[in-house]
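Take a look at the letters that make up each chain.
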Amino acid sequence: MFYKFLHHLGLVLTFLSLGGLGALALTGQAQSKARTPFVALHGTGLIIILVAGFGWLAKLGYGLPTWAIVKILVWLALGALIVPLRRQPALARPLTLIAVPSLAAVAVFIAVWHRQLFGN
């Protein structure tokens with residue numbers, strides 16, 4: 001239960017940071033110092049997601065199933081989104097409104113239906 005809580009906390013921090021960074025990029029402040037706390041939240045959230053996710057997998061005795069590998073790919077994509085939000089603010093709208101929710105949907109879909117999809 002502890003790992004699940006931490007994992008979800010990491011998700012909240014990561015999506016909060018991506019929303020904040022997207023908002024800054026949309027308002028033309030992608031290079032401002034207001035970005036610093038959101039970047040810190042992004043990194044902290046990603047680390048918490050990773051550590052808690054692997055701890056949760058180990059506690060449940062799953063090893064590294066296929067569905068977890070797919071979720072790691074989603075994690076990598078969420079981590080990479082920070083770059084275009086700073087370097088290409090013109091992409092902020094589609095990234096914030098389409099890419100981030102789509103990645104979240106994929107992660108939730110796999111979390112809920114991984115047994116039916118992958119059998120474990």
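Worth saying up front: this structure is predicted, and the values here are computed from it rather than measured.

Asks: I'd like a rundown of helix α2 (residues 36-60), residues and numbers included.
Replies: Here α2 is 25 residues long and its end C-alpha atoms lie 36 Å apart, about the 36 Å a rise of 1.5 Å per residue gives. Listed in full, the buried residues belonging to α2 are His42, Gly45, Leu46, Ile49, Ala52, Gly53, Gly55 and Leu57. On the buried face of α2, the contacting elements are α1 (2-26), α3 (66-80) and α4 (82-87). Just downstream of α2 lies Gly61, where phi reads positive at about 75°.

Asks: Give a detailed account of the packing of aromatic side chains, specifying residues and quantitative values.
Replies: Enumeration over the complete set of coordinates arrives at three aromatic pairs. Between Tyr62 and Trp67, the ring centres sit 5.8 Å apart and the planes meet at 85°, which makes this aromatic pair edge-to-face. Residue classification places Tyr62 among the partly exposed residues on the basis of a relative accessible area of 27%. For the ring pair Phe109 and Trp113, a centre distance of 4.9 Å and an interplane angle of 50° mean the geometry is tilted. Linking Phe109 with Trp113, this pair stays in helix α5 (residues 92-118), spanning four residues, or about one helical turn. Looking at Trp113, the relative accessible area reads 40%, which means it is partly exposed.

How each quantity is defined
- Residues numbered from 1 in each chain as written.
- Predicted model: local features only at pLDDT ≥ 70, side-chain atom pairs only at ≥ 80, totals over all residues.
- Heavy atoms only, no water.
- Helix = DSSP H or I, 4+ residues; strand = E, 2+ residues; numbered from the N terminus.
- Expected span 1.5 Å × (residues − 1).
- Buried < 20%, exposed > 50% of the residue type's maximum accessible area, 1.4 Å probe, protein only.
- Contact = heavy atoms within 4.5 Å.
- Phe/Tyr/Trp six-rings, centres within 6.5 Å; stacked < 30°, edge-to-face > 60°.

Shape descriptors only; they carry no functional weight alone.
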